[in-house]
Amino acid sequence: MTAYDTNNIFAKILRGELPSYKVYEDEHVFAFLDIMPRVPGHTLVIPKAAARNILDIRPDDFAHVARGAHKIAAAAMKAFEADGITVQQFNEPAGGQVVFHLHMHVMPRRDGVAMLPPASRKEDTNVLEQHAAKLMAALKAG
Ligand code: AMP
């Protein structure tokens, strides 16, 4: 498998070299909004550890990402008055992966509302700011 590339977009976000709409951070994971959301509130949870995908991540680091996604899912249900959550995680180009730092998509869903196709449109910055604030408020409320 191809080696981890330290210059991938999400590695740059983790190092603060590129901006992001941060939603949550702890010792092990970082969560931020997808800038081309498939649904409002579409969030990405990534490990702080360098990992390309499920094929090279340490199981403990993958478990940290799962914990992060679990936390975001609960907050997204409240923040977006959702009826459900879709979680996706792609590995290697054949598996649908485009950015090569492991990430878990957490997407709040509404009954009868379809997801947009991947990378359909870049969301407005003010909308992303509002959505990040809503998610952070829901996380804080617990
Ligand atoms: P995939 O690798 O297929 O799981 O998809 C990568 C995801 O990253 C897509 O949903 C993109 O919209 C998203 N994405 C790409 N660049 C950025 C960025 N700078 N900030 C936030 N999300 C991004």
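The following refers to the structure shown. (Residues numbered from 1 in each chain as written. Predicted model: local features only at pLDDT ≥ 70, side-chain atom pairs only at ≥ 80, totals over all residues. Heavy atoms only, no water.)

### Remarks on helix H3 (residues 125–141)
Taking 1.5 Å per residue as the helical rise, H3 with its 17 residues ought to reach 24 Å, and the 24 Å between its terminal C-alpha atoms agrees with that figure. Every buried residue belonging to H3 is among Val127, Leu128, His131, Ala132, Leu135, Ala138 and Leu139, and all of these are buried. Each buried residue of H3 lies within a common arc of 130° when the element is viewed along its axis, so the set occupies one face. Exposed side of H3, more than 90 degrees from the buried face: Lys140 and Ala141 are the residues found there. The inward-facing, buried residues of H3 contact strand S1 (22–25), strand S2 (29–33), strand S3 (43–47) and helix H2 (59–79). (Helix = DSSP H or I, 4+ residues; strand = E, 2+ residues; numbered from the N terminus. Expected span 1.5 Å × (residues − 1). Buried < 20%, exposed > 50% of the residue type's maximum accessible area, 1.4 Å probe, protein only. Arc of directions from axis to C-beta. Contact = heavy atoms within 4.5 Å.)

### Overview of a nonpolar patch on the surface
On the surface, Met1, Ile54 and Leu55 cluster together to form a nonpolar patch covering roughly 320 Å² of accessible area. Relative to the assigned elements, methionine 1 resides in the segment before helix H1 (9–14). By relative accessible area, which is 58% here, methionine 1 ends up exposed. (Patch = residues over 30% accessible without salt bridge, like charges linked within 9 Å, V, L, I, M, F, W, Y side chains within 5 Å. Areas by Shrake-Rupley, 256 points an atom, 1.4 Å probe, with all protein chains shown as cover. Salt bridge = Lys/Arg side-chain N within 4 Å of Asp/Glu carboxyl O.)

### A short note on the site of the ligand
Residues in close proximity to the ligand total 16 residues, the closest being Asp34, Gly96, Val98, His103 and His105. Histidine 103 places a polar side-chain atom, nitrogen or oxygen, 2.5 Å from an oxygen atom of the ligand. Measuring from an oxygen atom of the ligand, one finds a side-chain N or O atom of histidine 105 at 2.6 Å. Expressed as a share of its isolated accessible area of 510 Å², the protein-covered part of the ligand is 89%. Elements with a minimum of two residues in the shell around the ligand: H1 and S2. Residue contributions to the shell around the ligand peak at three residues, all from H1. When grouped by side-chain class, the residues that make up the shell around the ligand number 11 nonpolar, four polar and one charged. (Near = heavy atom within 4 Å. Polar contact = N/O pair within 3.5 Å; in protein donor to acceptor, adjacent residues only side chain to side chain. Nonpolar A, V, L, I, M, F, W, Y, C, P; charged D, E, K, R; others polar.)

### Digging into the pattern of salt bridges
Following the criterion strictly, the structure yields seven salt bridges and no others. Among the salt bridges present, the one from arginine 15 reaches glutamate 17, with a minimum N-O distance of 2.7 Å. Across the pair aspartate 61 and arginine 58 runs a salt bridge, and its minimum N-O distance is 3.1 Å. Exposure remark for arginine 58: the relative accessible area of 48% places this residue in the partly exposed category. When salt bridges that share partners are traced, they join Lys22, Glu25 and Lys48 into one network.

### So, the pairing of strand S5 (residues 104–109)
Among the six residues of S5, five are classified as buried, and the element is accordingly described as predominantly covered. Bridge analysis of S3 against S5 gives three bridges, and the strand direction is antiparallel. Opposite valine 45, over in S5, you have methionine 104 as the bridge partner. Pairing of strand S4 (residues 84–88) with S5, which is carried by five bridges, proceeds in the antiparallel orientation. Looking across to S5, one finds that valine 87 is bridged to valine 106. (Pairing = 2+ DSSP bridges.)

These results come straight from atomic positions and should not be treated as a statement about function.
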